[in-house]
Amino acid sequence: MSIQGPQQVLELAKVSRTFGEGATSVAALREVDLTISAGEFVAVMGPSGSGKSSLLALAGGLDRPTSGSVFVESTPLGGLGLNELARLRRRAVGYVFQDFNLVPTLTAAENVALPLELDGTAARKAQRQSLDALRQVGIPELADRFMDQMSGGQQQRVAIARAIVGDRRLILADEPTGALDSTTGHGVMEVLRARADAGAAVMLVTHEARHAAWADRVVFLRDGRIVDQAAAMHDPAVLLAQAGS
Amino acid sequence: MSIRHSLLALLQDQPRYGYQLRVEFENRTGATWPLNIGQVYTTLDRLERDGLVNNDGADGEGHVIYSITAAGKAEVEGWFTVPVERANPPRNELAIKLALAVTLPGVDVQGIIQAQRVATIRALQDYTKSRRDTAASPRSTDTAWLLVLDSLIFQTEAEVRWLDLCEARLVQQAQIAGQGGNGQGAARKTPNGVTMEEAAPLAPETRR
């Protein structure tokens, strides 16, 4: 299933975020420019304290920049009130966290449908979209299970289904494989990659090179600044020449 | 890489001529290590000299066919049985470069590490993409290529982790130098998630 919409899904323009004031203030991000297009998977790497999680929070409208602008699907988040921001987050942005953040008293399908129902989608339609999202992450048969009846990897798939349900175009993932074994982590990367290939913009914060390597572009943060970017060449001839050298 | 043993192993499968050996080698290793046809003929001459292959003469099209001897089969069996020796240790240009960089004044070691990290991650992206593409539509001949790609992915990932460790040690050294102390203290994470304990073995006096 492909996802339609503007080409440029996320844009951060000269975004800075400072915590505290005066001599004790800490600059988490300094004039960061970053654009993620539809169908693009971007990984953000950097030491702890480099600003990775701040960047993700600003990108999803969970926090506001001290200066600069954030646009999601061409909408400037700075111009939105709290209710409008919450509505945009529910409709356009999906989050995946390391600790899943699922509701234990709801089934997998109910967890996935929750943001749609909060947004006023009719229960039947929400349920249909929920099942579709669970199908896309490969666990439609677990729809009626509760969280304590699922493995960590399965719960993370539910969390990803909740992030993509309703074809949200911006997926933000913060160390989503942190608590998972390597095979399950690989499965999570496959799902994120598939979403990007279907047209979503995906931003992954990770310290694992093997996960960052699934991205089209790797952005390196240090001291709140983007210091480097690596884009895959995807040229078999170059690849073989490298390996043979 | 042992071209000698690789060619013998292919001849154990069936008699072949030089060009066939080259193509078979490259097919089975995903063309990762291209073979020069000159190397193939030189190696076949030596294998014949050592009694490990027979020159069976030309086929109808003028190709010189080689077959493996009993001694050659024993040699292949020995190659598969004995673990690959780690050459003493293998020369690693990156390790040598960084070892020299940290001992010379005025060299931006962090800059070297970051430039290498970008290049290595780029290679890792390419290997990962290639692995994904190959796994998505596997052909029977792709199994060997997937194994080779996995090996390259593991090696490349290990290089990134090692670069993280190098950087963590540099940060630790800078902190020790800044404190004027011995750096002993609670284990805590350095910027790339490496614990101070992991980074600790490099005492400052041993590096300068």
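Residues numbered from 1 in each chain as written. Chains lettered and ligands numbered in written order. Predicted model: local features only at pLDDT ≥ 70, side-chain atom pairs only at ≥ 80, totals over all residues.

Along its length, chain A carries eight helices and ten strands. In summary, chain A has a C-alpha radius of gyration of 18 Å against a globular reference of 18 Å for 245 residues, a match within 12%. Judged by the C-alpha coordinates and their principal axes, chain A covers about 55 × 50 × 35 Å. For chain A, the residues scored as buried account for 45% of the 245 residues in total. A sequence separation of at least 24 residues applies to 70% of the contacts in chain A between residues at least 6 apart. (Helix = DSSP H or I, 4+ residues; strand = E, 2+ residues; numbered from the N terminus. Rg over C-alpha atoms; globule rule 2.2 N^0.38 Å. Buried ≥ 20, exposed ≤ 12 C-beta atoms within 10 Å, placed from the backbone. Contact = placed C-beta atoms within 7 Å.)

Attention now moves to the overall build of chain B. Each helix and strand counted, chain B has nine helices and three strands in total. Ordered by position from the N terminus, the helices and strands of chain B form the series α-β-α-α-β-β-α-α-α-α-α-α. Sequence-distant contacts in chain B: of pairs separated by 6 or more residues, those separated by 24 or more amount to 53%.

Residue and element names in this part refer to chain B. When cut into domains, chain B gives domain 1 (3-81) and domain 2 (93-207). Domain 1 puts five residues into the contact, and the matching count from domain 2 is four residues. Considering only residue class, the side of domain 1 that touches domain 2 consists of no nonpolar, four polar and one charged. (Domains from an automatic or database assignment. Nonpolar A, V, L, I, M, F, W, Y, C, P; charged D, E, K, R; others polar.)

We now examine the sheet that holds strand β10 (residues 225-231) of chain A. All names here are of chain A. Taken together, six strands build an open sheet; the order of strands is β6-β7-β8-β3-β9-β10 and the sheet is mixed. With one partner strand each, in any of the chains shown, β6 (93-97) and β10 form the two edges of the open sheet. Strand after strand, the sheet turns through a mean of 20° between neighbouring axes, direction not considered. Pairing geometry for strand β7 (residues 170-174) and strand β8 (residues 201-205), over five bridges, is parallel. Bridge assignment links L170 to a residue of β8, and that residue is A201. (Pairing = 2+ DSSP bridges. Axes fitted to C-alpha atoms, helices over the stretch in contact; angles between N-to-C directions.)

A separate point is the sheet that holds strand β1 (residues 16-17) of chain B. Residues and elements named next belong to chain B. Taken in spatial order, the three strands of this open sheet run β1-β3-β2, and their pairing is antiparallel. Strands at the two margins of the open sheet, each flanked by one partner only, are β1 and β2 (53-58). Alignment of β1 against strand β3 (residues 64-68), held across two bridges, turns out to be antiparallel. Opposite R16, over in β3, you have Y66 as the bridge partner.

Moving on: helix α3 (residues 108-118) of chain A. All names here are of chain A. Within the span of α3, buried status applies to A108, A109, N111, V112, A113, P115 and L116. Packed against the buried residues of α3 are α2 (82-92), α4 (123-136) and α5 (152-164). Once α3 ends, the next one or two residues include G120, with phi positive near 95°.

Attention now moves to the environment of W214 of chain A. Tracing the backbone through its elements, the reader meets W214 of chain A in the loop between α7 (209-212) and β9 (217-222). Taking the number of C-beta atoms within 10 Å as the measure of exposure, W214 of chain A has 25 and is therefore buried. Remark: the alpha-carbon pair of W214 of chain A and R193 of chain A, spanning 21 residues in sequence, is separated by 7.0 Å. When sequence neighbours within four positions are dropped, the list of residues in contact with W214 of chain A reads F41, M189 and R193 of chain A together with T128 of chain B.

All names here are of chain A. Taken together, the five bridges between strand β1 (residues 8-19) and strand β4 (residues 67-72) define a ladder with antiparallel strand orientation. Each residue of the ladder has a partner; that of S16, found in β4, is S67. For β4 and strand β5 (residues 75-76), the ladder comprises two bridges, and the chain directions are antiparallel. Within β5, the position partnered with F71 by the bridge is P76.

Glycine aside, negative phi is the norm for most residues, and most peptide bonds take the trans geometry. Residues and elements named next belong to chain A. The residue K14 is not glycine, and still its phi comes out positive at about 45°. Relative to the helices and strands, K14 is located in strand β1. Among the residues examined, K14 registers 12 C-beta atoms within 10 Å and is labelled exposed. Despite not being glycine, D223 shows a phi value in the positive range, around 50°. Mapped onto the secondary structure, D223 falls in the loop between β9 and β10.

Our next topic: the nonpolar core. Counting 81 residues, the largest nonpolar core has V44, L170, I171, L192, V202 and M203 of chain A as the members making the most contacts within it. Apart from residues lying up to four places away in sequence, I171 of chain A is in contact with G94, V96, A163, I164, L192, R195, A200 and V202 of chain A. Counting residues in hydrophobic clusters, the runner-up holds 14 residues, among them A9, L11, L47 and V53 of chain B. (Core = buried A, V, L, I, M, F, W, Y, C linked by C-beta atoms within 7 Å.)

In this section: the pairing of β2 of chain B. Bridging between β2 of chain B and β3 of chain B involves four bridges; their strand directions are antiparallel. By the bridge assignment for β3 of chain B, N55 of chain B is matched with Y66 of chain B.

On to the packing of helix α2 (residues 18-28) of chain B against helix α3 (residues 37-49) of chain B. Residue and element names in this part refer to chain B. At a minimum axis separation of 9 Å, α2 and α3 run at an interaxial angle of 120°. Between α2 and α3 lies a crossing of right-handed hand. Residues G18, Y19, L21 and R22 of α2 touch α3, and the partners they reach there are I37, V40, Y41 and L44. Residue composition of the contact of α2 with α3, by class: six nonpolar, one polar and one charged. (Left-handed = near helix turned anticlockwise from the far one by under 90°.)

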